[in-house]
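Chain residues, written in single-letter form:
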Amino acid sequence: MAGLLTAAGIGGASAQPAPAPPAATTQAAPFTISGWSYERRGSDMHMFRCAQASCGAGSKVSYRYYTGGKQMTLDQFRAGQEQIIKALEQRTPGQRITLLGVDGDKGTAMPRMFKARRLTVTADGASEYQVSGLLIGGQGSASLISSARDEKASNDNYAKFAAAAKLVLAPKTR
């Protein structure tokens, strides 16, 4: 599920079956957050898993960096999120995804930030909250997804990782 979601805002989503997830590796993380374990998934996905109670048992945050900044409006981001939701629901029959909100800046400050909050309820009634965001900065862009059983944990975890990713994406100063 994270493989398709991490492409939020970058390119389009399709309802095609996702390829098998790449094997995890133990390369060093570009940054660390206390209380989280890290694994590299494939050549470009960074996956963190909550390793303490304060971030919510089972919580995950994943992100990918992209070279270059992608110009996008908040309306384009929102439309992309709606397409992703449709694709994910088609991919998993019985799963319902509700878009809880879409936020983003309307200016040109770097890094630009867009985020969507979603609730996924599986066919068996299990629920998970996700925050899926796109950060566009002077040094590239990043897609970032936080998922947790609790909405507050998902939002809080997203904020921690977004702050770290923004530092990586910020324009270089002299």
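Only a predicted model underlies this, so the values are computations on that prediction, with no experimental measurement involved. (Residues numbered from 1 in each chain as written. Predicted model: local features only at pLDDT ≥ 70, side-chain atom pairs only at ≥ 80, totals over all residues. Heavy atoms only, no water.)

Considering the packing of aromatic side chains
Under the counting rule described, the total for this entry stands at six aromatic pairs. On the numbers, 5.0 Å between centres and 85° between planes, the contact of tryptophan 36 with phenylalanine 161 is edge-to-face. Of this pair, tryptophan 36 sits in strand S2 (residues 36–41) while phenylalanine 161 sits in helix H3 (residues 151–169), and the two are 125 residues apart along the sequence. Taken individually, tryptophan 36 and phenylalanine 161 each receive the classification buried, so the pair is uniform in this respect. Between phenylalanine 77 and phenylalanine 114 the ring centres are 5.5 Å apart and the planes differ by 20°, which places this aromatic pair in the stacked class. In this pair, phenylalanine 77 is assigned in helix H2 (residues 74–91) and phenylalanine 114 in strand S6 (residues 112–121), connecting sequence segments 37 residues apart. An identical accessibility class is assigned to phenylalanine 77 and phenylalanine 114; each is buried. One aromatic cluster in this structure is built from Trp36, Tyr38, Phe48, Tyr63, Tyr65 and Phe161. (Phe/Tyr/Trp six-rings, centres within 6.5 Å; stacked < 30°, edge-to-face > 60°. Helix = DSSP H or I, 4+ residues; strand = E, 2+ residues; numbered from the N terminus. Buried < 20%, exposed > 50% of the residue type's maximum accessible area, 1.4 Å probe, protein only.)

Notes on the environment of leucine 99
Relative to the helices and strands, leucine 99 is located in strand S5 (residues 96–104). Take leucine 99: its relative accessible area is 28%, and that puts it in the partly exposed class. When the C-alpha atoms of leucine 99 and threonine 120 are compared, they prove to be 8.9 Å apart, with 21 residues separating the residues in sequence. Filtering out sequence-adjacent residues up to four positions away, leucine 99 remains in contact with Glu82, Ile85, Ala116, Arg117 and Arg118. (Contact = heavy atoms within 4.5 Å.)

Comments concerning the pattern of salt bridges
Tallying each qualifying case throughout the model produces eight salt bridges. Among the ionic pairs, aspartate 44 bridges to arginine 64, the shortest N-O distance being 3.0 Å. One end of the pair, aspartate 44, is in the loop between S2 and strand S3 (45–50); the other, arginine 64, is in strand S4 (residues 60–66), with 20 residues separating them in the sequence. What makes aspartate 44 partly exposed here is its relative accessible area of 31%. On the basis of relative accessible area, arginine 64 is assigned to the buried category, the value being 15%. A salt bridge links aspartate 75 to arginine 78; the shortest N-O distance between them is 3.2 Å. Of this pair, aspartate 75 and arginine 78 both sit in helix H2, three residues apart, which is roughly one turn of that helix. Overall, arginine 78 belongs to the partly exposed group, its relative accessible area being 27%. Through salt bridges that share partners, Glu39, Arg41 and Arg49 make up one connected network. (Salt bridge = Lys/Arg side-chain N within 4 Å of Asp/Glu carboxyl O.)

Comments concerning the nonpolar core
Core analysis: the biggest nonpolar cluster contains 18 residues, and Phe31, Trp36, Leu135, Leu144 and Phe161 have the highest contact counts within it. Contributions of two or more residues to this core are made by S3, S4, strand S7 (127–137), strand S8 (140–148) and H3. By residue number, the principal contributor to this core is H3, which donates six residues. Setting aside residues no more than four positions away along its own chain, tryptophan 36 makes contact with Phe48, Arg49, Cys50, Ala51, Cys55, Ser59, Lys60, Val61, Asn157 and Phe161. Grouped together as the second largest cluster of nonpolar side chains are eight residues, Phe77, Val102, Ala116 and Leu134 included. (Core = buried A, V, L, I, M, F, W, Y, C linked by side-chain atoms within 4.5 Å.)

Here we look at H2
For H2, which comprises 18 residues, the first-to-last C-alpha distance of 26 Å matches the rise-based estimate of 26 Å (1.5 Å per residue) to within 8%. Along H2, the positions that sit buried rather than exposed are Leu74, Phe77, Gly80, Gln81, Ile84, Ile85, Ala87, Leu88 and Glu89. (Expected span 1.5 Å × (residues − 1).)

Thoughts on the pairing of S8
Regular strands place their side chains on alternate faces of the sheet. Counting buried positions over the nine residues of S8 gives nine, a clear majority of the element. What you see with S8 is no split at all: Gly140, Ala142, Leu144, Ser146 and Ala148 on one side and Ser141, Ser143, Ile145 and Ser147 on the other are buried throughout. Both S4 and S8 contribute to a ladder of seven bridges, which runs antiparallel. For valine 61, the partnering residue across the bridge sits in S8 and is serine 146. In terms of strand pairing, S7 meets S8 through nine bridges, oriented antiparallel. What sits directly across from leucine 135, in S8, is alanine 142. Taking the residues that link successive antiparallel strands as the turn, the S7-S8 hairpin has two residues. (Pairing = 2+ DSSP bridges.)

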